[in-house]
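Chain and residue survey
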Protein chains: 2
Amino acid sequence: MSDSTQAKVPIAVLISGRGSNMVSLVEAVKAGSLAADVRVVLSNKPTAAGLEWAAERGVPTAILSHKDFASREEFDTALANELEGRGVRYVALAGFMRVLTPAFLGRFSGRVINIHPALLPSFPGMNVQQKAIDYGVRHSGCTVHFVDEGVDTGAIIAQAVVPILDDDTADSLAARILEQEHRIYPLALDAVLSGRVRMEGRRVLGTGIE
Amino acid sequence: MSDSTQAKVPIAVLISGRGSNMVSLVEAVKAGSLAADVRVVLSNKPTAAGLEWAAERGVPTAILSHKDFASREEFDTALANELEGRGVRYVALAGFMRVLTPAFLGRFSGRVINIHPALLPSFPGMNVQQKAIDYGVRHSGCTVHFVDEGVDTGAIIAQAVVPILDDDTADSLAARILEQEHRIYPLALDAVLSGRVRMEGRRVLGTGIE
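Quick look at the structure, then. (Residues numbered from 1 in each chain as written. Chains lettered and ligands numbered in written order. Predicted model: local features only at pLDDT ≥ 70, side-chain atom pairs only at ≥ 80, totals over all residues. Heavy atoms only, no water.)

1. Quick look at the overall build of chain A
Per the secondary structure count, chain A includes six helices and nine strands. Computed over C-alpha atoms, the radius of gyration of chain A comes to 17 Å, within 12% of the 17 Å expected from 2.2 N^0.38 for 210 residues, which places it in the range of a compact globule. Dimensions of chain A, computed from the C-alpha atoms along their principal axes, are close to 50 × 45 × 35 Å. Residues counted as buried form 55% of the 210 residues belonging to chain A. A separation of at least 24 residues holds for 63% of the contacts in chain A among residues at least 6 apart in sequence. In the form shown here, chain A has an accessible surface area of approximately 8900 Å², with 51% of it arising from carbon and sulfur atoms. Charged side chains in chain A number 21 positive and 24 negative. The centres of these two groups are separated by 3 Å. (Helix = DSSP H or I, 4+ residues; strand = E, 2+ residues; numbered from the N terminus. Rg over C-alpha atoms; globule rule 2.2 N^0.38 Å. Buried < 20%, exposed > 50% of the residue type's maximum accessible area, 1.4 Å probe, protein only. Contact = heavy atoms within 4.5 Å. Areas by Shrake-Rupley, 256 points an atom, 1.4 Å probe, with all protein chains shown as cover. Lys, Arg positive; Asp, Glu negative; His and termini not counted. Charge placed at Lys NZ, Arg CZ, Asp CG, Glu CD.)

Structure follows, in structure tokens:
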């Protein structure tokens with residue numbers, strides 16, 4: 001939990017759809033439990049429902065369509081320019097469906113955070129709820145992690161576990177995991193922004209998150 | 001929990017050392033919660049401490065040293081002969097430090113079970129507590145699974161989760177996981193032996209184990 005006298009860290013939240021994790025982060029900021037100043041909610045898709053949700057709550061929004069750029073690198077350079085221009089220091093991905101290249105990550109090194117709906121390193125990539133069910137694991141969950149240049153390979157900040165039930169579908173499992181995503185993402189981001197965490201190799205210690 | 005009128009399935013438990021999971025299985029049999037008849041506790045190492053523990057409790061023991069055989073296949077054939085000669089139907093591995101080849105697995109197909117001290121498919125192989133700590137995962141645990149020809153790749157019967165703490169060592173984590181191993185291995189084996197489980201692809205359903 002953040003001290004209210006603490007400086008708020010300027011962040012961006014990147015979405016591609018409804019951005020339910022963006023909602024949980026913005027609500028945590030408004031509740032005073034996440035010491036962040038959300039400078040922008042940015043979508044690469046003009047129709048993302050989360051844009052309207054944010055705008056209605058007075059959060060600045062922006063659209064940067066990847067279709068307007070000839071390459072990933074050009075899009076990523078424009079994205080970094082846009083966020084730097086707004087004074088953004090940390091970037092939280094919330095269902096942002098673009099792979100980020102070094103053109104972006106090099107300018108926000110160690111300052112991009114994502115949440116993934118599986119217990120990494122199990123089940124990186126896409127459609128992971130179905131993959132977890134098909135593999136036959138008895139638990140899955142979610143992972144908040146720093147973004148590096150691999151696919152879901154960055155250092156882990158927090159994880160939460162949920163059971164997989166015999167009659168689960170990908171949708172029922174996704175809903176159970178999402179509840180935990182909404183719980184731990186604000187906690188994990190606050191631990192990073194407030195400077196409470198320390199690195200030991202690739203371990204992230206001191207978060208205090210169960 | 002097994003019905004006491006149920007036929008007891010003849011099993012072997014294979015060890016290479018103290019066999020703490022063998023102890024938990026034998027104690028569950030004696031307590032009536034695992035419907036098995038332990039026909040033999042067999043070690044590939046003559047000095048395994050678990051042999052004495054079992055013998056003191058009236059459980060038949062045997063030694064089959066891998067050093068007496070020129071190849072893995074010859075050892076595995078002798079092992080299968082030994083167990084079949086004792087009427088063994090299912091085989092539970094409990095710290096048995098030998099890779100089993102098709103020469104053995106082909107004769108006990110779908111009837112060899114192991115426990116692994118990690119949440120598979122994360123961290124297969126050896127020294128997995130240290131690997132989990134070094135990777136920075138926030139939870140680990142143990143997995144009871146059918147043995148196939150891969151390394152820790154077989155269908156999962158049960159898993160239990162434990163937290164990883166900031167100050168954990170491989171030893172402290174191993175001890176926390178071992179408590180859960182001793183809890184779920186008898187439950188998982190009883191679910192299989194009693195015929196309560198059903199397969200759906202590689203999912204093992206119906207165990208009722210949390």
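Picking up where we left off.
2. Some points on the sheet that holds strand 4 (residues 90-93) of chain A
Residue and element names in this part refer to chain A. In spatial order, the strands read 3-2-1-4-5-6-7; together these seven strands make up an open sheet with mixed pairing. Each having just a single partner strand, strand 3 (61-63) and strand 7 (156-163) make up the two edges of the open sheet. Geometrically, the sheet is characterised by an average inter-axis angle of 20° between neighbouring strands, direction not taken into account. Summarising the sheet, strand 2 (residues 36-43) and strand 3 pair through three bridges and their orientation is parallel. By the bridge assignment, L42 is partnered in strand 3 with A62. The strands touched by helix 2 (residues 49-56) are strand 1 (9-15), strand 2 and strand 3; relative to strand 3, the strand with the most contacts, the crossing angle is about 155°. (Pairing = 2+ DSSP bridges. Axes fitted to C-alpha atoms, helices over the stretch in contact; angles between N-to-C directions.)

3. Some thoughts on the interface of chain B and chain A
Across the contact, 33 residues belong to chain B and 33 residues belong to chain A. Together chain B and chain A conceal approximately 2600 Å² of surface at their shared face, both sides included; 48% is due to carbon and sulfur atoms. Interface area lost by chain B to chain A is led by Y135, R138 and R203 of chain B, which between them contribute 29%. Counting across the chain B and chain A interface gives zero salt bridges. Between chain B and chain A we count 19 residue pairs in polar contact (both at pLDDT 80 or more) in total. Among the secondary structure elements, those contributing two or more residues to the side of chain B that touches chain A are helix 5 (128-135), strand 7 (156-163) and strand 9 (203-205) of chain B. Sorting elements by how many residues they give to the side of chain B that touches chain A places strand 7 of chain B first, with seven residues. (Buried area = accessible area lost by both parts, 1.4 Å probe. Salt bridge = Lys/Arg side-chain N within 4 Å of Asp/Glu carboxyl O. Polar contact = N/O pair within 3.5 Å; in protein donor to acceptor, adjacent residues only side chain to side chain.)

4. Description of the sheet that holds strand 6 (residues 139-146) of chain B
All names here are of chain B. A sheet is described by the order of its strands in space; here seven strands give the open sequence 3-2-1-4-5-6-7, paired in mixed fashion. On the outer flanks of this sheet lie strand 3 (61-63) and strand 7, each paired with one strand and no other. Looking at each pair of strands side by side, their axes are set apart by 20° on average, direction ignored. Across four bridges, strand 5 (residues 112-116) lies against strand 6 in antiparallel orientation. Paired with H116 across the two strands is T143, which belongs to strand 6.

5. Considerations on the relation of the copies chain B and chain A
For these two chains of identical sequence, chain B goes onto chain A by a turn of 180° and a shift of 0.0 Å along the axis, with RMSD 0.0 Å. With respect to symmetry, the two chain copies, as superposed, fit the operation of a two-fold axis. Relative to the rotation axis, the closest C-alpha in chain B is found at S122 of chain B, a distance of 2.6 Å. Taken together, the interface assignments show that 100% of the residues at the interface of chain B recur at the interface of chain A, consistent with an identical surface on both copies. (Least-squares fit on C-alpha atoms with pLDDT ≥ 70 in both.)

6. Re the side chain of S122 of chain A
Of note, S122 of chain A is situated in the loop between strand 5 (112-116) and helix 5 (128-135). Of note is the side chain of S122 of chain A, whose polar atom sits 2.7 Å from the side chain of S122 of chain B. Contacts of S122 of chain A, omitting those with residues within four sequence positions, involve L119, P121 and S122 of chain B.

7. Here's the deal with the packing of helix 1 (residues 20-31) of chain B against helix 2 (residues 49-56) of chain B
Residue and element names in this part refer to chain B. Look at helix 1 against helix 2: their axes get within 10 Å of each other, and the N-to-C directions meet at 15°. The angle between the axes of helix 1 and helix 2 places the two elements in the roughly parallel class. Between helix 1 and helix 2 lies a crossing of right-handed hand. Seen from helix 1, the contacting residues are M22, V23, V26 and E27; seen from helix 2, they are G50, W53 and A54. (Parallel < 35°, antiparallel > 145°, perpendicular 65-115°, else oblique. Left-handed = near helix turned anticlockwise from the far one by under 90°.)

8. Considering unusual backbone geometry
Here L120 of chain A and P121 of chain A are connected by a cis peptide whose omega angle stands at 10°. Among the structural elements, P121 of chain A can be located in the loop between strand 5 and helix 5. Of note in the backbone geometry, F123 of chain A takes a positive phi value of approximately 60° without being a glycine. Its relative accessible area of 12% is what places F123 of chain A among the buried residues. If you check the backbone angles, D152 of chain B has positive phi at about 60° while not being a glycine. In this structure, D152 of chain B sits in the loop between strand 6 and strand 7.

9. Observations concerning the side chain of S140 of chain A
Residue and element names in this part refer to chain A. The topology assignment puts S140 in strand 6 (residues 139-146). Note on S140: relative accessible area 3%, which makes it buried. Leave out the neighbours within four places in its chain, and S140 touches P117, A118, L119, A132, A160, V161, V162, I164 and I177.

In short, geometric facts, not functional conclusions.
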